[in-house]
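Read off the chains here:
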Protein chains: 2
Amino acid sequence: MSEHSLPQIPGIRLASVPARIKNWERDDLLLVAIDEGASVSATFTQNAFCAAPVTVAKEHIGAGGVRALLVNAGNANAATGERGIEDARACCEAVATALNIQPKQVLPFSTGVIGEHLPLQRLLDGVPRAAEQLRGDGWAAAAKAIMTTDTRPKTASRSVAVAGQQVRICGIAKGAGMIQPNMATMLAYVATDAAVPQPLLDTLVQEAVAASFNRISVDGDTSTNDACVLIATGATGPTIADTQSEDFLNLKQAIVDVHIELAQAIVKDGEGASKFVTVQVTGAASSEEALKVAFEVGESPLVKTALYASDPNWGRLVMAVGNAGIEGLDPGKVNIFLDDVQVVEAGGRAATYTEAQGDKVFAKPEFTITVDLGRGDSCEHIWTCDFSHDYVTINAEYRT
Amino acid sequence: MSEHSLPQIPGIRLASVPARIKNWERDDLLLVAIDEGASVSATFTQNAFCAAPVTVAKEHIGAGGVRALLVNAGNANAATGERGIEDARACCEAVATALNIQPKQVLPFSTGVIGEHLPLQRLLDGVPRAAEQLRGDGWAAAAKAIMTTDTRPKTASRSVAVAGQQVRICGIAKGAGMIQPNMATMLAYVATDAAVPQPLLDTLVQEAVAASFNRISVDGDTSTNDACVLIATGATGPTIADTQSEDFLNLKQAIVDVHIELAQAIVKDGEGASKFVTVQVTGAASSEEALKVAFEVGESPLVKTALYASDPNWGRLVMAVGNAGIEGLDPGKVNIFLDDVQVVEAGGRAATYTEAQGDKVFAKPEFTITVDLGRGDSCEHIWTCDFSHDYVTINAEYRT
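In every chain, residue numbers begin from 1 and rise along the written sequence. Chain letters start at A and ligand numbers start at 1, both assigned in the order the entries are written. In keeping with the predicted nature of the model, local features appear solely for residues at pLDDT of at least 70, side-chain atom pairs appear and are counted solely at 80 or more, and the whole-chain, interface and lining totals rest on all residues. For the side-chain quantities, the full set of heavy atoms in the structure was used; hydrogens and water were omitted.

Got a minute to help me understand the overall build of chain A in this structure?
Along the backbone of chain A there are 11 helices and 18 strands. A globule of 400 residues ought to have a C-alpha radius of gyration of about 21 Å, and chain A, at 22 Å, matches this closely. Projected onto its principal axes, the C-alpha coordinates of chain A cover approximately 70 × 55 × 40 Å. Only protein chains enter the accessibility calculation, which uses a 1.4 Å probe; a residue is then buried when its area is under 20% of its type maximum, exposed when over 50%, and partly exposed in between. Within the span of chain A, comprising 400 residues, buried residues form 61% of the whole. Contact definition: two residues touch when any of their heavy atoms are within 4.5 Å. In chain A, the share of contacts with a sequence separation of at least 24, taken over all contacts with a separation of at least 6, comes to 80%. Accessible surface, chain A: about 14,000 Å² in total, of which carbon and sulfur atoms supply 47%. Under the convention used here, Asp and Glu are negative, Lys and Arg are positive, and both His and the chain ends fall outside the count. Charge positions are represented by NZ for Lys, CZ for Arg, CG for Asp and CD for Glu. Averaging the coordinates of the 31 positive side-chain charges in chain A and doing the same for the 48 negative ones gives two points 4 Å apart. Helical segments are the DSSP runs of H or I of at least four residues, strand segments are the runs of E of at least two, and each set is numbered from the N terminus. Using C-alpha atoms as the atom set, the radius of gyration is obtained and then compared with a globule rule of 2.2 Å times the number of residues to the power 0.38. Here the accessible surface of atoms and residues is derived via Shrake-Rupley with a 1.4 Å probe, and residues count as covered only by protein chains that are part of the display.

How should I be thinking about the UniProt feature "binding site: substrate" (unreviewed entry) in chain A in this particular structure?
Residues and elements named next belong to chain A. UniProt marks Thr-148, Lys-174, Thr-185, Glu-271, Asn-395 and Thr-400 with the feature "binding site: substrate" (unreviewed entry), using the numbering shown here. Tracing the backbone through its elements, the reader meets Thr-148 in the loop between helix 4 (139–145) and strand 6 (154–162). Those residues in contact with Thr-148 that lie beyond four places of it in its chain are Arg-26, Ala-73, Gly-74, Thr-111, Gly-112 and Lys-174. UniProt positions are given in the numbering used here, feature names are shortened, and annotations may be inferred rather than shown by experiment.

Sorry if this is basic, but what is going on with the domain arrangement of chain A here?
Often, the extent of an interface is quoted as the loss of accessible area upon association of its parts. Where each domain begins and ends is defined by an automated method or by a domain database. Segmentation of chain A into domains returns domain 1 (3–268) and domain 2 (276–396). For domain 1 of chain A and domain 2 of chain A, the distance between their C-alpha centroids amounts to 33 Å.

Honestly, the environment of Gly136(B) in this entry has me stumped. Any pointers?
Residue and element names in this part refer to chain B. Here Gly-136 lies in the loop between helix 3 (120–132) and helix 4 (139–145). Separated by 206 residues in the primary sequence, Gly-136 and Gln-342 place their C-alpha atoms 50 Å from one another. Once residues lying within four places of it in the same chain are set aside, the contact partners of Gly-136 are Gln-8, Ile-12, Arg-13 and Leu-14.

Mind showing me how you'd approach the packing of helix 2 (residues 81–99) of chain A against helix 3 (residues 120–132) of chain A here?
Helix-helix packing is characterised by the crossing angle of the two axes and by the distance between the axes. All names here are of chain A. Convention adopted: a line fitted to C-alpha atoms gives each axis, helices being fitted over their contacting stretch, and angles between N-to-C directions are expressed from 0 to 180 degrees. In contact at an axis separation of 9 Å, helix 2 and helix 3 are set at 20 degrees when each is read in the N-to-C sense. When the interaxial angle is binned, helix 2 and helix 3 end up roughly parallel. Between helix 2 and helix 3 lies a crossing whose hand is right-handed. Contacts between helix 2 and helix 3 involve Asp-87, Ala-90, Cys-91, Ala-94, Val-95, Ala-98 and Leu-99 from the first element and Leu-120, Leu-123, Leu-124, Val-127, Pro-128 and Ala-131 from the second. Each residue gets one label: Ala, Val, Leu, Ile, Met, Phe, Trp, Tyr, Cys and Pro are nonpolar, Asp, Glu, Lys and Arg are charged, and the others, such as Gly, are polar. A breakdown of the residues in the contact of helix 2 with helix 3 according to their chemical character gives 12 nonpolar, no polar and one charged. Convention used here: angles under 35 degrees read as roughly parallel, angles over 145 as roughly antiparallel, angles from 65 to 115 as roughly perpendicular, and any remaining angle as oblique. Should the near helix be turned anticlockwise from the far one by less than a right angle, the crossing is termed left-handed; should it be turned clockwise, right-handed.

Sorry if this is basic, but what is going on with the sheet that holds strand 3 (residues 39–44) of chain A here?
The strands making up a sheet associate through hydrogen bonds between their backbones, and the pairing can be parallel or antiparallel. All names here are of chain A. Paired strands, in this sense, are two strands between which DSSP finds at least two bridges. Taken in spatial order, the five strands make up an open sheet running 3-12-10-7-6, and their pairing is mixed. Each end of this open sheet is capped by a strand with a single partner; those strands are strand 3 and strand 6. Neighbouring strand axes in the sheet, compared pairwise and without regard to direction, differ in orientation by 10 degrees on average. Two strands pair when backbone bridges link them, and strand 7 (residues 165–174) and strand 10 (residues 187–192) are joined in this way by six bridges, in the antiparallel orientation.

Explain the pattern of salt bridges here, please?
Note on pairing: side chains with opposite charge can pair once their charged atoms come close. Residue and element names in this part refer to chain A. The working definition used for a salt bridge is a side-chain nitrogen of Lys or Arg within 4 Å of a carboxyl oxygen of Asp or Glu. Following the criterion strictly, the structure yields 24 salt bridges over all chains and no others. Close ionic contact of Arg-89 with Glu-59 constitutes a salt bridge, the shortest N to O distance being 3.1 Å. In this pair, Arg-89 is assigned in helix 2 and Glu-59 in helix 1 (residues 52–63), connecting sequence segments 30 residues apart. Given a relative accessible area of 30%, Arg-89 falls into the partly exposed group. For Glu-59, a relative accessible area of 43% puts it in the partly exposed group. Note that Asp-137 is salt-bridged to Arg-135, the shortest N-O span being 2.6 Å. One salt-bridge network, in which partners are shared between bridges, spans Asp-150, Lys-154 and Asp-269.

What follows is the structure in structure tokens.
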């Protein structure tokens, strides 16, 4: 999606400035101002070592009335103890002063290296500069400012008719490594100008994240800093209250779609990734079981290196399926397809399968691996990428 | 350990021959003959797609009276359906004919590529050739014959005084990739000339595997074919019956030590591995919790790429600890040490820590990462290795 097609969301203004969080010249500090009256919901990392800004953001969002977000790239402010918490609070105070709001109305976010203290003064100096530059069309610049090992900014938007009005949704995300279910060093900010009551928005963000960021895997690690924020400004859009109405379902679908597009963009930009693969599991006894098998396949280093090599080594696929710990799984009922090519039939090599067919599918930059377990009606899918030399290079040299 | 120091185990004879299971010249078929009267115990893969030989071996060992093992490298006979089972049975029949025993007294094992049928005739031709060459000092050759992606054979032995007699223990193993708790494409065969009653030996093999092969991780994948066999021939050694006796404890320790030495050799020979790292977790509320954290750290691709880069990126260590899903973990009580250098203190960077100290430890080929959770008295450890460019190369090109 080109930057120019990103809509503005009335009620949201953004500004990105260079604050030299690391030794670079780029924008690395993002300020988002939210007009009064918006609903704001968020989900946060499950990592027990959650970063200082996550601790503070959770506390502040619980108080309600959120009016601003501050995001820095280059330093995660994680594993930084009490001083980390104090630094995050100081950032909120600086934003509060600049925007004339309360510190607890500010949510802080950080992404980057773990275990180093924030260059606090640089952030404090950057905040008023950002506050002077807030503008409605700052989304594209914002998507760039929050990048770390990302090779490209990630944006998505939709427009949908709700109660006879066009409602806009715009979102940005960052993340390329440490991506896994339960999110990871992933930050995502999505806003709509519809008015959605807080309890409804709280449910919506959970559902949207479950359908998107919790279904992607780059390397099986989960970060200390991830967060996904959903904002409904209500500035121009209609008020949504009835969860059974077609209007709500349309809005919900559009919001989920924005989340999915951002999540897929993260996998496609996976560190060193050269392939985008959907792992679909059908015929499972439950959704939980289907997801378990899908992640076992999608996260296996041996499967991921085979993807990288464009080698349809289906033996590794059955190995991964067998490792999912599904009690009573009958290998003799398992069928596996590479796109529409059946490679495994009743647990063994399909009679019709030829290596040439498999090679053709695996040579593609995007394809689907479908595993049918033959034991139920549940079906789930995840998105994954390959494990390449570049992954090792990027992560071996990250701090240098 | 040099090959010449491997002891013979009275009651065991071995022979390795080239059977051209793959397009190579090396020995790839191992026959082990066991004198009558021995006890034989084994543990097998937990993978639901267990290979045909595993199915047959489990069935045969249940019948008791095992007299022979047949192991081929180069082809796993896994995901091969009914024909795979028939092939494994045909191999047992060939061994039975050659040694004048019953087919159900033979345990078959295969390791190599998944999903291709065995070149059966070559195995059947190889068996009588091997039977003619059985000898007591065949252990070193056997360790070579069972190798796949291993870069070196793995052997270990001990001698221990039991009831005034010297008892010998000798073992071989193979495995380099797909190594994970619950074993993986790992085969291990350990024998002693002590006489151990079957029920006692069954417990012993479980304990030995729990302390060794179930504590190693190369890449988090588990194979369809792994097995560990423990044989007590009783040919010359004393009979062990009292599990409280010092004699039994001595024998047990020596057997466990042989397993640990073999397991560590597998990690050291991990595909592309350049580092051997012990991850020790102390201060855990339970053994289970300690192992969970140890594996989360030892299997994190981000930790493993940092090990490869010799980069003491302790932020990734706390991230991995935080991901272990330990309920109520207090990051503020977590301390982490690199050998005896404290890098994390109360959840943050230790005041005394310098990068130079961390660099020095990470530059070593072998070191220990100790994570103290500060919430109990349980302590466990595992062994792991780094994730290198060579890992990707080896596994991307395995079938070519």
